[in-house]
Amino acid sequence: DGGVGRGARQGVGAGLFQRMSWVALFFALLAGPLATAACLSSEKREGTLGLLFLTDLKGYDVVLGKLAATSLSSIYGLLAVLPVLAIPILMGGVTTGMFWRVVVVLLNSLFFSLVTGLLVSSLSRDANRAQRTAGLLTLGIPVLIWLVVAISRNVTGVAEWVGWISLASPFSVLSLASSAGSTSHLLAFWGSMAALHILSWL
């Protein structure tokens, strides 16, 4: 009976951990556009962006400064979720390695959403339109990647490199983080993390 009860608790803990991880991922993807989509567009709309370049600031100084100033609240919000996300470890079924891999995925996904909002903000003047566009991009890019890979798997004779596109999706990275255990899974996980990070910088 003790073994059955322990197994049931581990199953509940693993399921709870996965559900909370997906909720935290959607928070990370939506927090970026809300935080950064209006930071540069508001400066352009008010005509104050040019004043920043009257100083010794360079373009990357302005961008990195805006990113740092607007991302703090999102980072603090994500950090506040992590202790709650760690509770299933006490229930069993979740290892500390799985937990820390999910933490890295959430931080990387938050960075992706923040820089996507910053990109849209640099191309737009309207704050509401910038937030809508950035939100569509941060959720649309992972969904589009998932659709391309899902369709390609049902098409015969498709190129093998199409499967590698899924590595840049936050959805794929989170799935690998919660199930990575073998060496091949770990290599796929870290490769996917690198692909998402490179996509963010691009």
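So, here's what we can say about the structure. Everything quoted here is computed from the prediction, not taken from an experiment.

Two numbers describe how helix 4 (residues 59-85) lies on helix 6 (residues 96-123): the axes approach to 10 Å, and their chain directions differ by 150 degrees. Judged on the interaxial angle alone, helix 6 and helix 4 are roughly antiparallel. Between helix 4 and helix 6 the crossing geometry is right-handed. Taking contact as the criterion, the partners of Val63, Lys66, Leu67, Ser71, Ser74, Ile75, Leu78, Leu82 and Leu85 in helix 4 are, on helix 6, Phe99, Val102, Val103, Leu106, Leu107, Leu110, Phe111, Leu114, Val115 and Leu118. Of the residues that constitute the contact of helix 4 with helix 6, the class distribution is 16 nonpolar, 2 polar and 1 charged.

Another aspect to go through is the layout of surface pockets. Roughly 350 Å³ of internal volume is contained in the largest pocket. What lines the largest pocket is a set of 15 residues, among which Val115, Leu119, Ser200, Trp201 and Leu202 lie closest to the centre. Counting only elements with at least two residues in the lining of the largest pocket, the list comes to helix 4, helix 6, helix 7 (127-153) and helix 9 (183-201). A total of 6 residues in the lining of the largest pocket trace back to one element, the largest contributor, which is helix 6. For the lining of the largest pocket, a count of residues per class yields 13 nonpolar, 2 polar and no charged.

Looking now at the nonpolar core. Counting residues in hydrophobic clusters, the biggest one holds 36 residues, and the most contacted among them are Phe17, Leu85, Val102, Val105, Leu106 and Phe189. Put simply, the parts of the chain that give this core at least two residues each are helix 1 (2-36), helix 2 (39-46), helix 4, helix 6, helix 8 (170-179) and helix 9. With 12 residues, the top contributor of residues to this core is helix 6. For Phe17, the residues in contact, after removing those within four places along its chain, are Leu85, Pro88, Val94, Met98, Phe99 and Val102.

Moving on, we get to the side chain of Ser121. Position of Ser121 among the secondary structure elements: in helix 6. We classify Ser121 as buried; its relative accessible area is 0%. Not counting residues within four places of it along the chain, the set of residues in contact with Ser121 comprises Thr36, Ala37, Ala38, Cys39, Leu40, Ser41 and Lys44.

On the surface, Leu72, Tyr76, Leu79 and Leu107 cluster together into a nonpolar patch covering about 390 Å² of accessible area. The greatest single-element share of the nonpolar patch, amounting to 3 residues, is contributed by helix 4. Relative to the assigned elements, Tyr76 resides in helix 4.

What follows is about the side chain of Ser74. Summarising the element assignment, Ser74 is placed in helix 4. Not counting residues within four places of it along the chain, the set of residues in contact with Ser74 comprises Phe27, Ala31, Ala35, Leu110 and Leu114.

In an α-helix, one turn spans 3.6 residues; hence positions three or four apart end up facing the same way. With 27 residues, helix 4 should reach 39 Å at 1.5 Å per residue; the first-to-last C-alpha distance of 38 Å fits that figure. Along helix 4, the sharpest change in direction is near 45 degrees and occurs at Ser71. Turning to helix 4, its buried residues are Val62, Lys66, Leu67, Thr70, Ser71, Ser74, Leu78, Leu82 and Leu85.

The rules we used
- Residues numbered from 1 in each chain as written.
- Predicted model: local features only at pLDDT ≥ 70, side-chain atom pairs only at ≥ 80, totals over all residues.
- Heavy atoms only, no water.
- Axes fitted to C-alpha atoms, helices over the stretch in contact; angles between N-to-C directions.
- Helix = DSSP H or I, 4+ residues; strand = E, 2+ residues; numbered from the N terminus.
- Parallel < 35°, antiparallel > 145°, perpendicular 65-115°, else oblique.
- Left-handed = near helix turned anticlockwise from the far one by under 90°.
- Contact = heavy atoms within 4.5 Å.
- Nonpolar A, V, L, I, M, F, W, Y, C, P; charged D, E, K, R; others polar.
- 1 Å grid on protein atoms, 1.4 Å probe; cavity = no way out; pocket = protein on both sides within 12 Å on 5 of 7 lines; lining within 4 Å.
- Points joined across faces, edges and corners; volume = space filled by probe spheres on them.
- Core = buried A, V, L, I, M, F, W, Y, C linked by side-chain atoms within 4.5 Å.
- Buried < 20%, exposed > 50% of the residue type's maximum accessible area, 1.4 Å probe, protein only.
- Patch = residues over 30% accessible without salt bridge, like charges linked within 9 Å, V, L, I, M, F, W, Y side chains within 5 Å.
- Areas by Shrake-Rupley, 256 points an atom, 1.4 Å probe, with all protein chains shown as cover.
- Salt bridge = Lys/Arg side-chain N within 4 Å of Asp/Glu carboxyl O.
- Expected span 1.5 Å × (residues − 1).
- Bend = angle between axes of the 7 residues up to and from the residue.

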